[in-house]
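Breakdown of the fold
Here is what each chain is made of, one letter per residue.
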Amino acid sequence: MDIRQLRSFLVLADTLNFRRAAERLNITQPPLSRQIAALEESVGTPLFWRHSRSVGLTPAGEQFRTDVSRLLDDLDVAVQSAR
């Protein structure tokens, strides 16, 4: 698990669309899908449910979104404080 995966997770959680999330991240869809799959493997549970044309957060994904958002906000504050 790395910061890039966590940021990608948050963008996908915001858009609930792999194509739009990939565009916002300036990457293509396959690397985003691999990042999310690796993150879910690392966490040990699905964070998104996927159907043929839709994506949504699982209950675990909702909680993870809250926690990761707070974590990355704290990280940004720590970086700013260090500067």
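A brief structural summary.

Rules used throughout
Residues numbered from 1 in each chain as written. Predicted model: local features only at pLDDT ≥ 70, side-chain atom pairs only at ≥ 80, totals over all residues. Heavy atoms only, no water. Helix = DSSP H or I, 4+ residues; strand = E, 2+ residues; numbered from the N terminus. Rg over C-alpha atoms; globule rule 2.2 N^0.38 Å. Buried < 20%, exposed > 50% of the residue type's maximum accessible area, 1.4 Å probe, protein only. Contact = heavy atoms within 4.5 Å. Areas by Shrake-Rupley, 256 points an atom, 1.4 Å probe, with all protein chains shown as cover. Lys, Arg positive; Asp, Glu negative; His and termini not counted. Charge placed at Lys NZ, Arg CZ, Asp CG, Glu CD. Axes fitted to C-alpha atoms, helices over the stretch in contact; angles between N-to-C directions. Parallel < 35°, antiparallel > 145°, perpendicular 65-115°, else oblique. Nonpolar A, V, L, I, M, F, W, Y, C, P; charged D, E, K, R; others polar.

Considerations on the overall build of the chain
Within the chain, the regular secondary structure consists of four helices and two strands. From first element to last, N terminus to C terminus, the chain shows the α and β order α-α-α-β-β-α. Relative to a compact globule of 83 residues, whose C-alpha radius of gyration would be 12 Å, the chain shows 13 Å and is just as compact. Principal-axis analysis of the C-alpha atoms places the extent of the chain at approximately 45 × 25 × 20 Å. The 83 residues of the chain split such that 33% are buried. Considering only contacts in the chain between residues 6 or more positions apart, those separated by 24 or more positions represent 50%. When the accessible surface of the chain is summed, it comes to about 5300 Å², and 52% of that surface belongs to carbon and sulfur atoms. Across the chain, 11 positive and 10 negative side-chain charges occur, with their mean positions spaced 7 Å apart.

Considerations on the packing of helix H2 (residues 18-25) against helix H3 (residues 29-43)
Describing two packed helices takes the angle between their axes plus the distance from one axis to the other. Between H2 and H3, the least distance of the axes is 9 Å, while the angle of their chain directions is 100°. By the angle class used here, H2 and H3 are roughly perpendicular. Facing H2, whose interface residues are Phe18, Arg19, Ala21, Ala22 and Leu25, H3 presents Gln29, Leu32, Ser33 and Ile36. Its residues assigned to classes, the contact of H2 with H3 shows six nonpolar, two polar and one charged.

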